[in-house]
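In case you want the letters, here they are:
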Amino acid sequence: MMILRTTDTSPFGRKPRIAALHLGLMDQIKTETADALEPDSALRRENPLGKIPVLTLQDGRRIYDSRVILEHFDHLVGGGRLIPSDWDARLAVLTAQALADGVMDAAVLIVYEGRHRPAQLHHQPWLDYQRGKIERALAQLALTPPDPQQVNVGTIASACMLGYLDWRKQVDWRATTPALVDWLSAFRAACPAFDATAASGA
Ligand SMILES: N[C@@H](CCC(=O)N[C@@H](CS)C(=O)NCC(=O)O)C(=O)O
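Since we're looking at a predicted model, the values are computed, not measured.

What to know about the domain arrangement of the protein chain
- For the protein chain, the assigned domains are domain 1 (2-76) and domain 2 (87-192).
- Here the C-alpha centre of domain 2 lies 21 Å away from the C-alpha centre of domain 1.
- Listed per partner, the contact involves nine residues of domain 1 and 11 residues of domain 2.
- Counting only elements with at least two residues in the side of domain 1 that touches domain 2, the list comes to helix 1 (11-23) and helix 3 (66-76).
- Take the side of domain 1 that touches domain 2: its biggest share by element is seven residues, from helix 1.
- Among the residues making up the side of domain 1 that touches domain 2, the classes are represented as five nonpolar, one polar and three charged.

Section: helix 1
- For helix 1, built from 13 residues, the straight-helix expectation of 18 Å at 1.5 Å per residue is met to within 8% by its first-to-last C-alpha distance of 19 Å.
- Across the 13 residues of helix 1, 11 count as buried, placing the element largely inside the fold.
- By the burial criterion, the buried members of helix 1 are P11, F12, G13, R14, K15, P16, R17, I18, A19, A20 and H22.

Remarks on the pairing of strand 2 (residues 29-32)
- Looking at chain direction, strand 1 (residues 2-5) and strand 2 are connected through four bridges and run parallel. Note that in strand 2 the partner of L4 across the bridge is T31.
- Each parallel crossover has a hand, and the one from strand 1 via helix 1 to strand 2 is right-handed.

Focus on the nonpolar core
- Residues A100, V103, I156 and M161 are the most contacted members of the largest nonpolar core, which totals 45 residues.
- Tallying contributions element by element places helix 6 (residues 153-168) first for this core, with nine residues.
- Not counting chain neighbours up to four residues away, the residues in contact with M161 comprise P11, A100, V103 and M104.

What to know about the site of the ligand
- Taken together, 13 residues sit near the ligand, with S10, A36, K51, D65 and S66 positioned nearest.
- By residue class, the composition of the shell around the ligand is six nonpolar, three polar and four charged.

With respect to the sheet that holds strand 3 (residues 54-56)
- Strand order in the open sheet formed by four strands is 2-1-3-4, and the pairing between neighbours is mixed. Two strands close off the open sheet at either side, each with one partner strand: strand 2 and strand 4 (62-63).
- Bridge analysis of strand 1 against strand 3 gives three bridges, and the strand direction is antiparallel. Residue pairing across strands places L4 opposite L55, the latter belonging to strand 3.

Procedures and definitions
- Residues numbered from 1 in each chain as written.
- Predicted model: local features only at pLDDT ≥ 70, side-chain atom pairs only at ≥ 80, totals over all residues.
- Domains from an automatic or database assignment.
- Contact = placed C-beta atoms within 7 Å.
- Helix = DSSP H or I, 4+ residues; strand = E, 2+ residues; numbered from the N terminus.
- Nonpolar A, V, L, I, M, F, W, Y, C, P; charged D, E, K, R; others polar.
- Expected span 1.5 Å × (residues − 1).
- Buried ≥ 20, exposed ≤ 12 C-beta atoms within 10 Å, placed from the backbone.
- Pairing = 2+ DSSP bridges.
- Right-handed = clockwise from strand over helix to strand, strands pointing away.
- Core = buried A, V, L, I, M, F, W, Y, C linked by C-beta atoms within 7 Å.
- Near = placed C-beta within 6 Å.

Structural data, given as structure tokens:
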């Protein structure tokens, strides 16, 4: 058994949960929860960065982050399923993943400003700086969206990103980029694992 340490609500943790379901790997994976704030946690022993997701392989090796875990899942099923082997397609898919991951990084930092810093230290220009990354990336994604029928690391990360913004509402992406509403519907139809991994209450 492999052990995937994550939470139900982490957008980065949702990427491997979707990938594993989609590729039929769930019977080889046990999921364990994590608490990023707990100093003496299994998470910090498994990943010095204290970030989820972390995957413990059968032989005890620990791999992170979400990108590496998705690459490993793709390898386990023979390769070319989540990350195309064709070089140009590969560059496009990996860049789409980097864009979506970057939005999630900015979105998570906005949440952490509220969680980790007292209200009087919240710095609006810095929050706007992060929000700018999100808005520019969404505009770019709406202009040149990846094919939502293709389930790969780029579309999985993009869908996780939109799902996270739906929950935390850092921006109102459904109003500002309506093309992405249709995009997400098409992806959900192509990849039932997306809905199957929705956090309850999120
Ligand atoms: N680049 C990492 C990002 C992971 C990440 O930021 N995870 C968040 C939860 S969504 C986390 O563990 N944060 C705790 C912390 O930053 O201390 C990945 O792709 O896995």
